[in-house]
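Observations on the three-dimensional arrangement
Residues per chain are reported as follows:
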There are 2 protein chains.
Amino acid sequence: MSLSIKDVAKLAGVSVATVSRVMNKKVFVKEETTKKVLDAIEKTGYKPNAIARSLKVKNTKSIGIIIPDISSHFFPDVVRGIEDIANEYSYNIILCNTDLNREKEKEYFDVLVEKQVDGIVYMSNTITDEIADKMASVGIEILLISTDYKELSSITIDNVKAAEDAVKYIISKGVRDIALIGGEMTDPNAGLPRFNGYVKALSEAGISINKDYILEGNYKYESGYEGAKKLLSLKQRPRAIFAASDEMAIGVIRAGLESGYRIPDELMVVGFDDIDMSRMVYPSLTTISQPLYEMGCEGMKLLAKKLHGEKVEQFKIVLEHKLIIRESC
Amino acid sequence: MSLSIKDVAKLAGVSVATVSRVMNKKVFVKEETTKKVLDAIEKTGYKPNAIARSLKVKNTKSIGIIIPDISSHFFPDVVRGIEDIANEYSYNIILCNTDLNREKEKEYFDVLVEKQVDGIVYMSNTITDEIADKMASVGIEILLISTDYKELSSITIDNVKAAEDAVKYIISKGVRDIALIGGEMTDPNAGLPRFNGYVKALSEAGISINKDYILEGNYKYESGYEGAKKLLSLKQRPRAIFAASDEMAIGVIRAGLESGYRIPDELMVVGFDDIDMSRMVYPSLTTISQPLYEMGCEGMKLLAKKLHGEKVEQFKIVLEHKLIIRESC
DNA sequence: TTGTAAGCGTTATCAG
DNA sequence: CTGATAACGCTTACAA
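Reading the values: rules and limits
Residues numbered from 1 in each chain as written. Chains lettered and ligands numbered in written order. Predicted model: local features only at pLDDT ≥ 70, side-chain atom pairs only at ≥ 80, totals over all residues. Heavy atoms only, no water. Axes fitted to C-alpha atoms, helices over the stretch in contact; angles between N-to-C directions. Helix = DSSP H or I, 4+ residues; strand = E, 2+ residues; numbered from the N terminus. Parallel < 35°, antiparallel > 145°, perpendicular 65-115°, else oblique. Contact = heavy atoms within 4.5 Å. Nonpolar A, V, L, I, M, F, W, Y, C, P; charged D, E, K, R; others polar. Pairing = 2+ DSSP bridges. Near = heavy atom within 4 Å. Polar contact = N/O pair within 3.5 Å; in protein donor to acceptor, adjacent residues only side chain to side chain.

1. Here's the deal with the packing of helix H2 (residues 16-24) of chain A against helix H3 (residues 31-44) of chain A
Residue and element names in this part refer to chain A.
- For the pair H2 and H3, the least separation of the axes is 10 Å and the interaxial angle reads 90°. As the angle between them shows, H2 and H3 are arranged roughly perpendicular. Side by side, H2 and H3 meet where Thr 18, Val 19, Val 22 and Met 23 of the first sit next to Thr 33, Thr 34, Val 37, Leu 38 and Ile 41 of the second.
- Within the contact of H2 with H3, the residues separate by chemical class into 6 nonpolar, 3 polar and no charged.

Okay, structure coming up:
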C-alpha cells in the first residue's frame, strides 16, 4: 500500500538518509543525487509519513483550538483567523467544542496533550487555577483569546471601554433613558466589564442608574427578545437599549418592531460584536466591532512566535474595538 | 520533561509491555500488577504519546475536514455535527479552509495524507476526476457532504425537490409572478438543481418561464440585495422571490423593505438553508431547511462505520429537507 | 500472566 | 557528500 522512504531509497539507489536529506534540504546533497531522488519520489508518488517524522523531531505542526461551540456566531471568524495564520506557518488546527463543559474541556485537553500538539488556543470557559496548573504541568504553549489569566499569553479587547463607548454614543444622541441587557455578571470576561462600562458612561454623564433598566441575558437571541419585551412594558420605557451581544440586540430589534416602535426614532438599539449578521438585518445594527478575525490572526501569530522561540515583548495584546454606526442608532 | 512508558514501567517494577497492556486492556493482566501500574501512572501523571502509538498501530484517530470557509453560514453547523459524532467515536477533527481554491485544496489534501488521517470529510469544490483519482490512490476513506461523485460515499439532500417544494408553496399562495435568484448554473451541487426545481414547479403549474425573472447570484447577501433591486425595478415586478440561499433571501428582504414593499403582503420571499439567522430577521424568513447538523452527524457516522470495517448497506444518503414557514411568505 | 525484542518510518549522529 | 545505524515511544508476536 503506502510506500516508505526505503522504497524511494532503493529505487533511487541511495540510502534512506540521503532521501531524507533531499526532502528536508538542510544539508547539501550533490545535484545529481538530488535529481535521482526527486525522480524516484515523483515516480512512486511517495508522501512522507508525518507521524513518523513527528515522533523523531518532537513536534507535530498541529495546534489545538478549544472553544465552546463553533456554531456560535462569535467563533467561526476567529477560528478562520487562526487557521489562516496557522496555515502560513504550516500548522494544522484540531478543533474541539466543549459546550463550556468542564469535563469535556479536560478530556479534550488530555487528548491534545497526548496527540502532542505544539500549542493550544483556548477560548472556552474562564480559566481556573486547576486548569492553569494542568496547562503549566505539560510543556505546551498556551494562548488565550477573549479571556485572561496571570502570566499566560492572551488576546483581548478592552470590554469596559468598548461598552462605555457604545453608551456614550447613545448619550451623544441626546438620549438618557438607556437600558442594558448584559451578559452574566458572573462572567468576568465579558458580562462584568460591559456592565461596568455601561455604569461608567452613565455616571460620567451624570445619569443615575435605574435598576429596572438593567437586565441579565445569556448573549442569545431569545434573551434579548425577552429582555426587550420586559423593558418595553415598563411604565417608563427606555428610549435606547444597549445589548451586550449582537444576537441579543437583534432580538431587541424584533421585540421593538413587533411592539410597533420605529427604530431608531422611537427606540435606539446598539449591539456588541459586529457579527456578520448585524449588517444584514433591517434596520442594520449599530454595534461595537470586535476584530474577530484579527483576534484569531494576532493570537496565532503570537503563538507561532513563541513556538519558534522568538522573544516576544508583548504577550498580552489588547486589540482595538470600533464603534460601527449603522441604522439602529 | 515529558516521561515515557519506560519511566512508568520502571517505577511500577514491570516491563513496558505490561504497562502497555494495562493501558489498552486487551490482554488480561493480574489485578495486583494492574494496580501497581495504575499507581505509577497516577503518581507520574504519565500521558501516553499518541504519535508513537499511531506509528505502530497505523491509525491516528484523526479525520480531516475540507471546507471552503468556516465563516460561511453554512458550515459551522455541519462541522459541529461531524465533531460531535467524531468525538463519540474518539476521533479528532483537523479543519481545513480552502476558499474553494484548487491549489489550497490540493495542499491540504496532501498534508492530511501525510499526517495519516483515518478519513476525510470533503465539502469543498465539486469533485473533478483528477481529485477523485488522487483520493483513490491514497488508501484514505472519503466522505462527501453536499456533493456527490461516482462510487464515493455521500450525504446530500434532494435539491431539485426542495426548490420545487419551495416554489410550489409560493404558488399555493396564489402567486404566479415568481422570480428566482439562484446559484451559479455551473454549480452542479446546488445552483443547477435548484434552478431545475424552480422550473419544474412552474411548469407543472402551467406557468410560463419569464427569463427576466431568473437571476444568477453567488449565495451571498449582496448578490441577493442587488438581484432584488433589479427585479423590483422591472416594469412588471415579481410578487415573490425565491432565493437559493438564506443570505441572499435576507438581502432580498432588505431590498424589498427599502423600496417600501410590505413583506409578505406585497412581496413574498423564500430562502434556502435555514441558517440560524433566518429565524432572527424581521420579518423572519420562510425557507427550506437543510438538516445541517444532521448532515454532519450522519456523514461522520457513515465514515466511522466504514473505518471500523462495518458493512454499510447505504453509502449514498439523501436526507430530508423541510419547508419552514415563517413570516416572509 | 509477563518479559524480550522486533519493528513502525523518520531524522540525526558519526564515520568514511 | 553519503551510508550505517541508533534512536523516537509505543505495540505485539513470541517465548518463558
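2. Focus: the sheet that holds strand S12 (residues 322-324) of chain A
All names here are of chain A.
- One open sheet holds the 6 strands; their spatial order is S7-S6-S8-S9-S10-S12, and the pairing between them is mixed. Edge strands, defined here as strands with exactly one partner in the open sheet, are strand S7 (214-216) and S12. For this sheet, the mean angle separating the axes of adjacent strands, direction not counted, is 20°.
- Packed onto the sheet, helix H10 (residues 221-232) meets strand S6 (178-182), S7 and strand S8 (240-243) and runs at close to 150° relative to S6.
- Sheet strands in contact with helix H11 (residues 246-258) are S6, S8, strand S9 (268-273) and strand S10 (286-289), and its direction is about 160° off that of S9.

3. Points about the protein's contact with DNA strand C
- In the vicinity of DNA strand C there are 26 residues, among which Ser20(A), Tyr46(A), Thr18(B), Arg21(B) and Thr33(B) approach most closely.
- By atom count, sugar and phosphate contribute 62% of the portion of DNA strand C lying within 4 Å of the protein.
- Tyr46(A) is positioned such that a nitrogen or oxygen atom in its side chain is 2.6 Å from a phosphate oxygen of DNA strand C.
- Between DNA strand C and Lys30(B), the relevant distance is 2.8 Å, taken from a phosphate oxygen to a main-chain nitrogen or oxygen of the residue.
- Of all elements in the fold, only H2 and helix H4 (50-57) of chain A together with helix H2 (16-24) and helix H4 (50-57) of chain B reach the threshold of two or more residues within the surface near DNA strand C.
- Partitioned by chemical class, the residues of the surface near DNA strand C number 11 nonpolar, 7 polar and 8 charged.

4. A short note on the protein's contact with DNA strand D
- Of all residues adjacent to DNA strand D, which total 25 residues, the nearest are Thr18(A), Arg21(A), Thr33(A), Ile5(B) and Tyr46(B).
- Close to the protein, within 4 Å, the atoms of DNA strand D belong to sugar or phosphate groups at a rate of 67%.
- Backbone polar atom of Ala52(B) to a base nitrogen of DNA strand D: 3.3 Å apart, as the coordinates give it.
- Contributions of two or more residues to the surface near DNA strand D are made by H2 and H4 of chain A together with H2 and H4 of chain B.
- Residues belonging to the surface near DNA strand D are distributed by class as follows: 11 nonpolar, 7 polar and 7 charged.

Honestly, it's all geometry; don't read function into it.
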